[in-house]
Amino acid sequence: MDRCKLFNLALIISCSLVLVAALITLSQAAPATAATWVTTLYETESSLDLESISPMSSGPGLALPPSLPRKGPLLQESPVLTITKSADPNPVNAGQVLTYTIVVVNSDDANATGVVITDVLDSEVRFAGASNGGSHSSGVVTWDVTEIEIGQTISCTLWVTVTDVASGTILSNTAWVTPTDGINNSDTITTTVTTAADLQIAKSASVDPAVAGTSFTYAITVTNNGPSVASGVTVTDALPLGLTFDTAGSSPECSALDQNVTCDIRDLLAGDEVILTIAVSADAALADGATLTNTASVSGNESDPITDNDSAQEETTVNRQTDLQVTKSASADPVVAGTSFAYTITVTNNGPSVASGVTVTDALPLGLTFDTTGSSPECSALDQNVTCDIGNLLASDEVILTIAVSADAALADGATLTNTASVSGNESDPIADNDSAQEGTTVNRQADLQIAKSASVDPVVAGTSFAYTITVTNNGHSLASGVTVTDALPLGLTFNAAGSSPECSALGQNVTCTLGALSVNGQMMLAIAVTVDTSLEDGVVLSNTASASGHESDPNESDNSATEETLVERNKIFLPILLKPQPTELSVFNDNTGDNITFVVLGTPVSCVVPNNTTQFCGTLAPGTYQIRVTSTCGEGLFTKTYGSGPVTTRVFCR
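Residues numbered from 1 in each chain as written. Predicted model: local features only at pLDDT ≥ 70, side-chain atom pairs only at ≥ 80, totals over all residues. Heavy atoms only, no water.

**Focus: the nonpolar core**
- Counting 32 residues, the largest nonpolar core has F216, V222, V235 and I278 as the members making the most contacts within it.
- Looking at this core, the elements that each hand over two or more residues are strand 13 (197–205), strand 15 (215–227), strand 16 (230–238), strand 17 (243–246), strand 19 (260–268), strand 20 (273–282), strand 21 (291–299) and strand 22 (311–319).
- Ignoring sequence-local partners within four residues, the contact set of V222 consists of Q200, I201, V233, V235, I265, L268, D272, E273, V274 and V298. (Core = buried A, V, L, I, M, F, W, Y, C linked by side-chain atoms within 4.5 Å. Buried < 20%, exposed > 50% of the residue type's maximum accessible area, 1.4 Å probe, protein only. Helix = DSSP H or I, 4+ residues; strand = E, 2+ residues; numbered from the N terminus. Contact = heavy atoms within 4.5 Å.)

**Details of the side chain of N173**
- Here N173 lies in strand 11 (residues 170–178).
- Owing to a relative accessible area of 0%, N173 belongs among the buried residues under this scheme.
- Among the polar contacts listed, one links the side chain of N173 to the backbone oxygen of V120, at a separation of 2.9 Å.
- The residues contacting N173, other than those within four sequence positions of it, are K85, Y100, D119, V120, L121, D122, D187, T188 and I189. (Polar contact = N/O pair within 3.5 Å; in protein donor to acceptor, adjacent residues only side chain to side chain.)

**Focus on the state of the cysteines**
- Within this structure, the stated rule accounts for five disulfides.
- A sulfur-sulfur distance of 2.2 Å marks the disulfide that ties C608 to C618. Between C608 and C618, the S-S torsion sits near -110°, and that sign places the bridge as left-handed. Within this pair, whereas C608 is found in strand 45 (residues 607–610), its partner C618 is found in strand 46 (residues 615–621), the two being separated by 10 residues in sequence. When sorted by exposure, C608 lands in the same class as C618, which is buried. (Disulfide = S-S within 2.5 Å.)

**Concerning the packing of aromatic side chains**
- For the structure on display, the rule yields three aromatic pairs.
- Both rings, one in F216 and one in Y218, keep their centres 5.3 Å apart while their planes meet at 70°; by these two values the pair is edge-to-face.
- For F216, a relative accessible area of 3% translates into the label buried.
- Judged by centre distance (5.2 Å) and plane angle (70°), the rings of F341 and Y343 are edge-to-face.
- Residue classification places Y343 among the buried positions, given a relative accessible area of 0%. (Phe/Tyr/Trp six-rings, centres within 6.5 Å; stacked < 30°, edge-to-face > 60°.)

**Notes on unusual backbone geometry**
- Omega for the peptide link from N90 to P91 comes to 10°, which places this bond in the cis form.
- Along the polypeptide, P91 turns up in the loop between strand 3 (81–88) and strand 4 (92–93).
- Following D208, the chain continues to P209 via a peptide bond in cis, the omega torsion being 10°.
- Mapped onto the elements, P209 comes out in the loop between strand 13 and strand 14 (210–211).
- Phi at S138 takes a positive value of approximately 55°, unusual for a residue other than glycine.
- You can call S138 exposed: its relative accessible area is 73%.

**Observations concerning the confidence of the model for the protein**
- Of all residues in the protein, 86% attain a pLDDT of 70 or more, and the chain-wide mean is 86.
- When the criterion is pLDDT under 50, residues 1–76 qualifies, and its contacts beyond four places in sequence or with other chains add up to 71 contacts.
- Between residues 573–580, whose pLDDT stays under 50, and residues either more than four places distant or in other chains, the model counts five contacts. (pLDDT = per-residue confidence, 0-100.)

Next up, the structure:
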């Protein structure tokens, strides 16, 4: 190479060095948006005129003069990429998704190649996703763009979830754009963190309707819809009157002061839920058909963007149910016709609710008569229908009623009295099988038949006639049926049908008197007329026994027969008044009148009080006819009576 060429080469190198130095200086002084110029060595046939280099009109920096010959560009422009970044929302709630938008623009005159966008995540966020193929690794998100043409805009979206940080935390995030042949550029944005938790509550009852007197539960579901962790979460629930909090069946977070229930949940992560149980017992006295309106509310320390779901109301209808039970027993079984006895009725409310309008009904069978005096005051009767009004009866309580009755004396022996009592109330009864009770009672008849017997004369004269008077009384409780008197006449007496009662007949010496039925306290007198055989010796004693019987059992058989002894005399003439007048010695026999009698012989000082079933001497008086006044339990009467001399007994009885 000749000297000229060496000179020219040296000059070019020298000028190039000067130019590079100038370009570097200009690059440092130029704004970030200005183009940056770099030098490239060119071969040229002529010398480089440094004085002819002047700035280009296209922008800041240096340019070659237009007259400079070139085989290729002497200076090449490196593209400049701008990057901007935005965050939405800002401020952002802890736990919320934060969206970063990154925009890169190639606003220069050359394509940018090998472009890489990077974003380093703040330590308080978690990667959630990226658009346009962005990838994440170790807290760095990268987009390999490859090329951005002149004037082209590239937009990338990055989603991150803000962690559970305190309100007021500042999140800082920087995005970088780096081309292969250009300069790195970046943009930083800060976001303020706030906290908000959308607490939601739902409530349901384990039963609807609820039965008064039973227990049930409310299920309360508290959900944190986020985005932040909720702290100090508390549920409050004011129980309506009639409900009582049950600690044992409730969640341990819950406690109550009177009707106010508080459940302390404390912290609740976003997206989490907790289910609480509030156990309650419903008052047994709650009104049937009442509505229990119960509201639960939730609150926390954070702001709640949606307040409409912070409370939940549950309405539960109340039903009363009372399992009323009745049992029945009789004070006697068998019962004696004509006596009184009582039914004992026990009514129990097995719950669970208070029973109202409790009523017992009892249709007495025919043959029983209601006895108000011996019955409970709650009970009354209309004909055979007995009603007992109990009213209200608490759960687990019972009431005992007495229904006193008298059994008809005419009830058939061996009959069964079937009596059913039923209980009802205003409330529904889940068990109907125990709402009625039946008692069967057997009837027995008892008739205490009593017989008395006397002779019309004593002593009797052989060959004459006289009569036996037989009195049959039913002292029993029941009607006596099939009453019969039998009398075996002693030898020497002959039955005289004409003078006897029509109920009586004889077969040989055996006399039978058929009475049939005899009412309670009823009495019947019979006459058995007889003729004394003329052949009977003087001094013979005629002993005659009459017996009474019936179909019913007799509790006292000792008085079912009576014996009369009569002395026989022959051919004696009695002239007591003409030959030897004597005063009358008067005795009075009180024949089962039931109480004392007063016997007064009017016009004389003779009077006496005679106890029941006794004979008492009353006094002496001259033989004659007198007016007698008798006072007894069965009434008072005036009678005319003629007395002869000697001892005499007047029998007083009630008919």
